[in-house]
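Take a look at the letters that make up each chain.
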Amino acid sequence: MAGDLERALSKLRTDDQVLGYSLMTKIGRPFVSFSFPGDLFPRVKDSIKLYKSDLRLMTIDADRGLVVLSPVDDNWILTVLYVPELQLGLAIAKTKNVMRLLEGIELPPPPEEFEDSAERNLEVLQSIAIKAASIAPTAEAQPPTPEAKPAYPAGPSPKAVPESKLLGPDDFQVLPTTAPKRGDMYSNALSLDSELYSEMKRAYRNFGFDVLMLVDGNRTVSQIAESMFQPNERVSTLLKWAASKGIVSVPEAKEKVSQEKMSPSMGRFVKCPLFEGDLGKAKSEDLRILKLCDGSKTSEEIAEAAGVPHPRVIQVLAQYRRFGLKMIGKTV
Amino acid sequence: MPKIENPLLLSLYSKVVDQVLSQTANIEEANRRLREIGHDIGSQIYLTTDIVEKTKDTLMTREDVAKLVEIVFRVLYDKRPTSIDMETARGSVRVTDASCIWCQEVHLEGMHGFGYCEVFSGILESVLAFKSVEARVFQEMCRATGADACEWNIRLL
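Bear in mind that the values here come from a model prediction, so they are computed numbers and not experimental data.

Quick look at the packing of aromatic side chains now. All names here are of chain B. The final tally for this structure, using the stated rule, is 14 aromatic pairs over all chains. Measuring from ring centre to ring centre gives 5.5 Å for Phe73 and Phe120, while their planes differ by 90°; the resulting arrangement is edge-to-face. Highlighted residues: Phe73 in helix H4 (residues 62-77) and Phe120 in helix H5 (residues 118-130), separated in sequence by 47 residues. Where Phe120 meets Trp152, the ring centres are 4.9 Å apart and the plane angle is 70°; that geometry is what we call edge-to-face. In this pair, Phe120 is assigned in helix H5 and Trp152 in strand E5 (residues 150-156), connecting sequence segments 32 residues apart.

Moving on, we come to H4(B). Given a rise of 1.5 Å per residue, 16 residues ought to cover 22 Å, and the 22 Å separating the end C-alpha atoms of H4(B) matches this to within 8%. Among the residues of H4(B), those classed as buried are B:Asp64, B:Val65, B:Ala66, B:Leu68, B:Val69, B:Ile71, B:Val72, B:Phe73 and B:Tyr77.

With that out of the way, let us pick up the nonpolar core. With 47 residues, the main nonpolar core has B:Trp102, B:Phe114, B:Tyr116 and B:Ile154 as its most contacted residues. Residue assignment for this core shows that the elements contributing at least two residues are helix H1 (7-23), helix H2 (27-48), H4, strand E2 (92-97), H5, strand E4 (135-141) and E5 of chain B. With seven residues, H4(B) is the single largest residue contributor to this core. If sequence neighbours within four positions are ignored, B:Trp102 has contacts with B:Leu9, B:Leu10, B:Tyr13, B:Tyr77, B:Tyr116, B:Cys117, B:Val119, B:Phe120 and B:Ile123. Core analysis: the second largest hydrophobic core is formed by 27 residues, A:Val174, A:Leu196, A:Val221 and A:Met228 among them.

In this section: unusual backbone geometry. Excluding glycine, a negative phi dihedral is what most residues carry, and trans is how most peptide bonds are arranged. Residues and elements named next belong to chain B. If you check the backbone angles, Asp78 has positive phi at about 55° while not being a glycine. Looking at where Asp78 falls in the secondary structure, it is placed in the loop between H4 and strand E1 (83-85). Judged by relative accessible area, Asp78 falls into the exposed class, the value being 66%. Of note in this structure, Ser132 is not a glycine but carries a positive phi near 65°. Tracing the chain through its elements places Ser132 in the loop between H5 and E4.

Rules used throughout
Residue numbers restart at each chain and count upward from 1, following the sequence in its written direction. Written order determines the labels here, with chains lettered from A and ligands numbered from 1. The predicted nature of this model means local features are confined to residues of pLDDT at least 70 and side-chain atom pairs, given and counted, to a pLDDT of 80 or more, with totals for whole chains, interfaces and linings taken over all residues. Only hydrogens and water are removed before side-chain values are computed, so all heavy atoms of the structure are retained for them. Side-chain rings of Phe, Tyr and Trp, where Trp is taken by its six-membered ring, are said to pair if the distance between their centres is within 6.5 Å; with planes under 30 degrees apart they count as stacked, over 60 as edge-to-face, and otherwise as tilted. A run of DSSP states H or I qualifies as a helix once it reaches four residues; a run of E qualifies as a strand once it reaches two. Both are numbered from the N-terminal end. Helices are assigned an expected span. That span is 1.5 Å times one less than the residue count. Note on exposure labels: buried denotes an accessible area under 20% of the residue type's maximum, exposed denotes more than 50%, and partly exposed covers the range between, all computed with a 1.4 Å probe on protein chains only. The set of buried Ala, Val, Leu, Ile, Met, Phe, Trp, Tyr and Cys residues whose side-chain atoms join them within 4.5 Å is what this entry labels a nonpolar core. Only heavy atoms matter for contacts: two residues are in contact if any of them lie within 4.5 Å across the pair.

Here it is, written out as structure tokens:
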């Protein structure tokens, strides 16, 4: 968590147009700061107090520069001071870029007592996060058990209830080149008052909504991730979850073969020769082999079918590589 | 059929790809494995070539990254990349090679999404890491699967 937060905030530190920043609590107390002028804190605090829970992204035109405030979540507010000559739109865009990075980080609430802008505050936050993570699984373990047994009306026979198989996120295959389509539950997920939206908001905050807005059946995962300055993996993870809820439609992962003894494989990768040249110009002794080069047989299979040794087939393939013969790789 | 460049490299790499495909469960995993192999090779390349002398110790801008890519191409392949695109996406640098050495005369069917040349993604990621640049590199397009050129996306983190 601390590493990710540090990485997100480093975007601001390395930006020449940023004079300083401060990650503040919801009441305006600076927790982690970098070159943020102390005399601006009261003004920022007043603005936060003014809007309270209605605070959205706002800007303050100060003598020192342009201040952009944005709530990260219910506990944190990011405040950035930009150079005075920076255009407002650009300042907001830069802040939103950092906000997107922060959205992916589970920030714990601030400790009860801390020293304003102290260097070790980040470590304190990290230890709070670790402690929270070590408690969380035991809390989650309890609810599922009462729901564990599905209530079948009669007998233990599974074929009595032909329900459609519920697919989990891991049952889908999402590649950078996959173009997700909108699913049946797409509109429902975007309705602010729906349960599905609430579930998505809890798990992914605004990131889920932002990604879904970009799903149109044409944009690939890579394009969506790029436009949001996010890694492909993060978008893929969300889309797999969304697919499991019927919000989007993506290809299912191929069934894995039983892996007790066999190591998992996507199918045998083979190379099959395909002759596309002019058979009329080929030597008569090579015709039998060339006619079998249809892109569906391996060189070993051709040798067996033609009744010739395998090296002979390789000789012919090598000879005709310059005359219309190519090797096609595929999995079978 | 055009003259094959570096047939020994092609043959060895073809063997590597065959092995990876026989040991992995899906295309994503195969891509990842090839990138890992590229990481290992990247260390060797950095130690044995003069990339370190020709480039700055630390890279700060996307222009620096583009320059590094050009140098890597020159050192490894004695040529320039077909293009380096920094305009399309602000957080990325896209590298294109219309005469990619890794997938010469390779034709794949039904393997959409497979990056035959992902090993080069791993090499770039590794070399960038030595220059203190955090990035994810992956192959977006490959001639082996029908594209006009091989294209890698260097996504800066």
